[in-house]
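Remarks on the overall topology
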Amino acid sequence: TFRLQKAGNSLLYIGDADQSGIEVFVNGSSAGIYDWSPVLVNISNYIHIGENTLCIELATTLERDAYKLNSFSQIDTGKPRTKSGLTSCSIFTEL
């Protein structure tokens, strides 16, 4: 959650969500689905003065799913070989 004191244009910057599809939710509404990063999402229409909720969902990669199932012979190290997940995220608001 985050709190806004004044209304203004607000952008969400997701700098690195490696190997993941991204869906952004603000106050329970989807603000978009993205297949790449970095991405800049205009969240101005989804926020309001006061407390706001931000949720970023990342899709797992096939390799990570296969690791859980241990069903692909390419995964012989016992752990995923690529990084995955959200490592950079910021909100910028014009006041």
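Quantities reported herein were computed from a predicted structural model and do not represent experimental measurements.

This part is about the overall build of the protein. A count of helical and extended segments in the protein gives 1 helix and 8 strands. Ordered by position from N to C terminus, the α and β elements of the protein give β-β-β-β-β-β-β-α-β. Per-residue burial for the protein yields a buried fraction of 31% across its 95 residues. In the protein, once contacts between residues fewer than 6 apart in sequence are set aside, the share between residues at least 24 apart is 67%. A total of about 6100 Å² of accessible surface is found on the protein, and carbon and sulfur atoms cover 50% of it.

Before going further, it helps to examine a nonpolar patch on the surface. Residues Leu11, Tyr13, Leu40 and Phe92 make up a contiguous nonpolar surface patch of about 370 Å² in total accessible area. Inspection of the secondary structure puts Leu11 in strand E2 (residues 10-18).

Strand order in the open sheet made by the 3 strands is E4-E3-E7, with antiparallel pairing throughout. Each edge of the sheet is formed by a strand with only one pairing partner; in this case those strands are strand E4 (29-34) and strand E7 (54-58). Taken pair by pair, the neighbouring strands of this sheet meet at an average axis angle of 15°, ignoring direction. Here 5 bridges tie strand E3 (residues 22-26) to E7, and the two strands are oriented antiparallel to one another. Looking at the pairing, Val26 lines up with Leu54 of E7.

Generally speaking, soluble globular proteins have nonpolar side chains that are buried together. Judged by nonpolar contacts, the single largest core of 14 residues is most densely connected at Ile14, Ile22, Val24, Val41 and Ile43. Looking at this core, the elements with two or more residues in it are strand E1 (2-4), E2, E3, E4 and strand E5 (39-42).

Criteria and cut-off values
- Residues numbered from 1 in each chain as written.
- Predicted model: local features only at pLDDT ≥ 70, side-chain atom pairs only at ≥ 80, totals over all residues.
- Heavy atoms only, no water.
- Helix = DSSP H or I, 4+ residues; strand = E, 2+ residues; numbered from the N terminus.
- Buried < 20%, exposed > 50% of the residue type's maximum accessible area, 1.4 Å probe, protein only.
- Contact = heavy atoms within 4.5 Å.
- Areas by Shrake-Rupley, 256 points an atom, 1.4 Å probe, with all protein chains shown as cover.
- Patch = residues over 30% accessible without salt bridge, like charges linked within 9 Å, V, L, I, M, F, W, Y side chains within 5 Å.
- Salt bridge = Lys/Arg side-chain N within 4 Å of Asp/Glu carboxyl O.
- Pairing = 2+ DSSP bridges.
- Axes fitted to C-alpha atoms, helices over the stretch in contact; angles between N-to-C directions.
- Core = buried A, V, L, I, M, F, W, Y, C linked by side-chain atoms within 4.5 Å.

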